[in-house]
Amino acid sequence: MSKFLWSYLLISPAVLGATLVVSSSAMAADAQQAADALNPAAAKAETAETSEAKLNALAAVSETTAASEPVEEISEAAAGSETQAAIADSGTAATESAIAGANTAPAVANPQAAASQATSESLAAVEPKVAQPVENSAPAVQLETPAPAATALPEQIGAAQLETPAPAATALPEQIGAAQLETPAPAVAESAEQNLPKPAESVAQTSAPQDQNPAATLEQLNQYSSEGAAGGETQGQVTSVSQLSDVRPTDWAFQALQSLVERYGCIAGYPDGTFRGNRAMTRYEFAAGLNACLDKVSELIQAGSGNFATRDDLAALQRLQEEFAAELATLRGRVDALESRTAELEANQFSTTTKLTGEAIFALSDDFGGDISVFGRDNRNLGSDNNEAVFQQRVRLNLNTSFTGRDLLLTRLQVGNGRNFNLGATSEGTQTWNVVGRTDNVVALDTLLYKFPVGPRLNVTLAANAVVWDDIMPTVNPYFEDFDGGNGALSTFGQRNPIYRLGGGAGIGFDYAFGGRGLLGGVFGPTSLSFGYLASNAANPSQGAGLFNGDYTAMGQLTFTPGRNLQVAFNYNHGYFSRGNFGFDNGLGNGPDSLGGFTGTGVANSLNGLSEGFEGFRARKVVSNSYGAQASLRLSPRFILGGWAGLTNARILGIGDAKIWNYAVTLALPDLGKEGNLLGFVVGREPYLDKLEAASDLRRFRNDDSYHVEGFYKFQLSDNISVTPGVIWVTNPNQDDRNDDIIIGTLRTTFTF
């Protein structure tokens, strides 16, 4: 305890002297500006003399207080005499110079009383106010100069806790010259006396008007704050240099970085586990890092740990605070502004629990295929090339409600008019905005679900309406799968393995993570086990419907994430479909004599017409067992390779078995040309019928190779608007080489809010 007392007594005279120096210096600077207004010729000389006197005075204080011994080992007698002598010399010189230049009454009437009052207030920082500039001067600059050495000194610690930077006093004479100040010295003294007991709340920028741009400052801070945060990923505090993949022991700054990480714990890497030491940084980035280290040092001091900072450490920290005073002030101002905005939002928000998000898609599309004549199983002409250019839209509004901060009640409303092109008996080439219940611009309820955690690892999803499997489990196709269809792939096939489109509706789902994660996970979530049950007609009480006696699917998936850049998943889907309801259609169930499906050939979605029925043949029920595998490999943050394969074994009750295959390879190049852009390619085969075990007159079908090739480039115009041109090319539609290729050109504009 005695060490703390001696340190406190030692530093107090230094703080008192430095306070007198700054008060006198500020008074002299203001008086000098008043003199400049009357005698411009002599203003420059007087300003230079005042600046030199203050610099010499502060230099004397800095040299006296910058001893290298630890704070707790400094004796009272030696340090006290040296500090008092330096303060007396520098304070007297600066004060005399200030009074002589101003030729007015002293700024501080009673220095001893002021010092006693400041000490009793725990040495709170004094912030003199500078009067406003005249109207016809240069761009107005409001200057609030913090006291140079006014620091809070907790009685429990042995080292000073630096909170208020000291550089503004040394730079004041040069920077005041940017604006003509018409202020007499007595006014400054009066302002100082009125504000003496008040602690300094913030440090304002004192840069010249031509260099000060608050909008640019906040823009740089926003850019730095969001840099590296891609796909929702976050990186916690680094505890060892070995966690930074691009830092090597041979690096010249390795020891310095190791000290910051392991001694102070105030360094965090980028989300991809790198430090990027060769990257140039701005002063704002350094100010943010410095602020984090200062906070950590303060925590260590307040915790009373034995590893106190030395005077060299404190001097270095104080020099850094002085150098970056303006940037630190900007950060503090930004926090204050955010708190004010948050309070305003809370007072005027739509709901205390609900947030509205939405997506609007405008799509200009045309079919450039040739003389297309798509045939069904009985060789009837079901389509033609009679397709014109169309302009379609779809809007989805999501009401995201949370009651605990960790749960989610999702209510989605949608409306649109996106109809498929007239391609006959095939669902190949279907685009994402064509997935809409009604196409006559009628608002309808789409997804309704409630997701909540049970413990730190298990998420439970209660599905009430139009829930699909990608709402419950990961699809392992980042960048192409965006869950709304406006920012990923153009086609429904490019979004995910079609097995995820077998079934949907109402039910329950579980997702158990074997590693830590948030509610919805990141780009590559942790290793997890997911399973669920969905019924297509859960709300229908009729015989052969309902939650357990109608169409349903049950699905399970095991997702492996062995590293940050690889994810693999294996799934199994079992389903039962009544007459006419089989298909890759999210469980919509169009019924007999009505071909459905959001992806795949017509032959596959109808099982060669046996599940839909045709003239002279009644539609049959189907039981399916599907197996899927999908993977995504991030070779680099801007090069992601993925793909999937799926097999569906469908038993047509009373007829026989059928096999349906699908597969694809995807390539994503995010942030190509600009952050937020995306170049994507999809090559594969949409679901096609490969084998059919049935009577000879029922199993005739063609199985020509029908490939899907897709390319698109999303250009991010702003945070909320993107434009995506792209092409979808389907060869041998409906797995029949007699049909001309389908070529669809699209220009999609997406608005998110």
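The rules behind each value
All residue numbers here refer to positions counted from 1 along the written sequence of the relevant chain. For this predicted model, a pLDDT threshold of at least 70 governs which residues receive local features, and a threshold of 80 or more governs which side-chain atom pairs are given and counted, while totals over whole chains, interfaces and linings are taken from all residues. Calculated side-chain values reflect all of the structure's heavy atoms, with hydrogen atoms and water omitted. By definition, any uninterrupted DSSP run of H or I lasting at least four residues is a helix, any uninterrupted run of E lasting at least two residues is a strand, and each is numbered from the N terminus. Three labels apply to residues, based on accessible area from a 1.4 Å probe with only protein chains included: buried if under 20% of the type maximum, exposed if over 50%, partly exposed otherwise in between. In what follows, residue pairs with any heavy atoms lying within 4.5 Å of each other are defined as contacts. Note on pairing: DSSP must find at least two bridges between two strands before they are called paired. Confidence of the predictor at the level of single residues is captured by pLDDT, which takes values from 0 to 100. N or O atoms within 3.5 Å of each other form a polar contact, as long as, within protein, one can give a hydrogen and the other can take it, and as long as residues adjacent in sequence are counted only when both atoms are side-chain atoms. Comment: axis = line fitted to C-alpha atoms, over the contacting stretch for helices; angle = value between 0 and 180 degrees taken between N-to-C directions. Left-handed describes a crossing whose near helix is turned anticlockwise from the far helix by less than a right angle; the clockwise case is right-handed. Gly is placed with the polar residues, together with every amino acid not listed as nonpolar (Ala, Val, Leu, Ile, Met, Phe, Trp, Tyr, Cys and Pro) or charged (Asp, Glu, Lys and Arg). In this scheme Phe, Tyr and Trp rings, the latter by its six-membered ring, pair at centre separations within 6.5 Å, and the angle between planes marks the pair as stacked below 30 degrees, edge-to-face above 60, and tilted otherwise. Salt bridges, as used here, are contacts in which a Lys or Arg side-chain nitrogen is within 4 Å of a carboxyl oxygen on Asp or Glu. If an angle is under 35 degrees, it is roughly parallel; if it is over 145, roughly antiparallel; if it lies from 65 to 115, roughly perpendicular; otherwise it is oblique. Every patch collects residues that have over 30% relative accessible area and no salt bridge, joining them within 9 Å if they carry like charges and within 5 Å if they are nonpolar side chains (Val, Leu, Ile, Met, Phe, Trp, Tyr). Computed with the Shrake-Rupley method and a 1.4 Å probe, the accessible areas treat only the protein chains shown as cover for residues.

K.L.:
For this particular structure, what's the right way to read the overall build of the protein?
P.N.:
Along the protein, the regular secondary structure elements total 13 helices and 16 strands. Counting the 753 residues in the protein, one finds 46% classified as buried. Considering only contacts within the protein whose residues lie at least 6 apart along the sequence, 68% involve residues at least 24 apart.

K.L.:
So what exactly am I meant to see when it comes to the pairing of strand 4 (residues 444-454) here?
P.N.:
Residues in a regular strand project their side chains so that they alternate between the two faces of the sheet. Across six bridges, strand 3 (residues 408-416) lies against strand 4 in antiparallel orientation. For Leu408, the partnering residue across the bridge sits in strand 4 and is Lys451. Pairing analysis gives seven bridges linking strand 4 to strand 5 (residues 458-467), with the strands arranged antiparallel. Opposite Phe452, over in strand 5, you have Val460 as the bridge partner. Linking strand 4 back to strand 5 in an antiparallel pair, the connection comprises three residues, with Gly455 at a positive phi of about 80 degrees.

K.L.:
Got a minute to help me understand the confidence of the model for the protein in this structure?
P.N.:
Do not read the fine detail of predicted coordinates wherever pLDDT is low. Looking at the protein as a whole, the pLDDT averages 73, with 64% of positions reaching at least 70. Low pLDDT, under 50, characterises residues 1-212; the stretch is placed with 260 contacts to residues that sit more than four places away or in other chains. With pLDDT under 50 throughout, residues 518-522 is counted as low confidence; its partners more than four residues away or in other chains account for nine contacts.

K.L.:
Looking at this model, I keep getting lost on the side chain of Thr447. Mind explaining?
P.N.:
Looking at where Thr447 falls in the secondary structure, it is placed in strand 4. A relative accessible area of 3% means that Thr447 is categorised as buried. Within the local environment of Thr447, its side chain forms a polar contact with the side chain of Asp446, the two groups lying 3.4 Å apart. Residues within four places of Thr447 in sequence aside, it is in contact with Leu410, Thr411, Arg412, Asn465, Ala466, Val467 and Asp471.

K.L.:
I tried to follow the packing of helix 9 (residues 283-302) against helix 10 (residues 311-323) on my own but got confused; where do I start?
P.N.:
Describing two packed helices takes the angle between their axes plus the distance from one axis to the other. Closest axis-to-axis distance for the helix 9/helix 10 pair is 11 Å, and the angle between their directions is 145 degrees. Every pair of crossing elements has a handedness; the one defined by helix 9 and helix 10 is left-handed. From helix 9, Arg283, Phe286, Leu290, Leu294 and Val297 reach across to helix 10, where they touch Leu317, Leu320, Gln321 and Glu323. Within the contact of helix 9 with helix 10, the residues separate by chemical class into six nonpolar, one polar and two charged.

K.L.:
Please clarify how the packing of aromatic side chains should be interpreted in this entry.
P.N.:
The relative placement of two aromatic rings is captured by the distance of their centres and the angle of their planes. According to the stated counting rule, one finds 17 aromatic pairs in the structure shown. Summarising the aromatic geometry, the rings of Phe362 and Phe391 are spaced 6.0 Å apart at their centres and angled 65 degrees between planes, so their arrangement reads as edge-to-face. Remark: Phe391 occurs in strand 2 (residues 390-401) and Phe362 occurs in strand 1 (residues 354-367); sequence separation between them is 29 residues. Judged by its relative accessible area of 34%, Phe362 falls in the partly exposed class.

K.L.:
Please clarify how the environment of Glu612 should be interpreted in this entry.
P.N.:
Structurally, the position occupied by Glu612 is in the loop between helix 13 (602-605) and strand 10 (622-636). For the pair Glu612 and Leu595, spaced 17 residues apart in sequence, the C-alpha to C-alpha distance is 6.9 Å.

K.L.:
I'm lost on the pattern of salt bridges in this one. Help?
P.N.:
Where charged atoms of side chains with opposite charge meet at close range, the side chains can pair. Taken as a whole and judged by the stated rule, the model has 16 salt bridges. Between Glu359 and Arg394 there is a salt bridge, with its nearest N and O atoms 3.5 Å apart. Of this pair, Glu359 sits in strand 1 while Arg394 sits in strand 2; the two residues are 35 residues apart in sequence, bridging distant segments of the chain. Both residues of the pair, Glu359 and Arg394, count as buried. A salt bridge links Arg738 to Asp736; the nearest nitrogen and oxygen atoms lie 2.9 Å apart. With a relative accessible area of 42%, Arg738 lands in the partly exposed category. For Asp736, a relative accessible area of 4% puts it in the buried group.

K.L.:
Looking at this model, I keep getting lost on the packing of helix 9 against helix 11 (residues 325-348). Mind explaining?
P.N.:
At their nearest, the axes of helix 9 and helix 11 sit 9 Å apart, and the two run at 75 degrees to each other. Compared by their axis directions, helix 9 and helix 11 come out roughly perpendicular. Across the interface between the two elements, Arg283, Tyr284, Ala287, Ala288, Leu290 and Asn291 from helix 9 touch Glu327, Leu328 and Leu331 from helix 11. Grouping the constituent residues of the contact of helix 9 with helix 11 by class yields six nonpolar, one polar and two charged.

K.L.:
What is the right way to read a nonpolar patch on the surface from this model?
P.N.:
Residues Tyr512, Phe514, Leu529, Phe531, Leu558, Phe560 and Phe570 make up a contiguous nonpolar surface patch of roughly 630 Å² in combined accessible area. Looking at the nonpolar patch, the elements with two or more residues in it are strand 7 (528-535) and strand 8 (552-563). In this structure, Phe560 sits in strand 8. The class of Phe560 is partly exposed, set by a relative accessible area of 37%.

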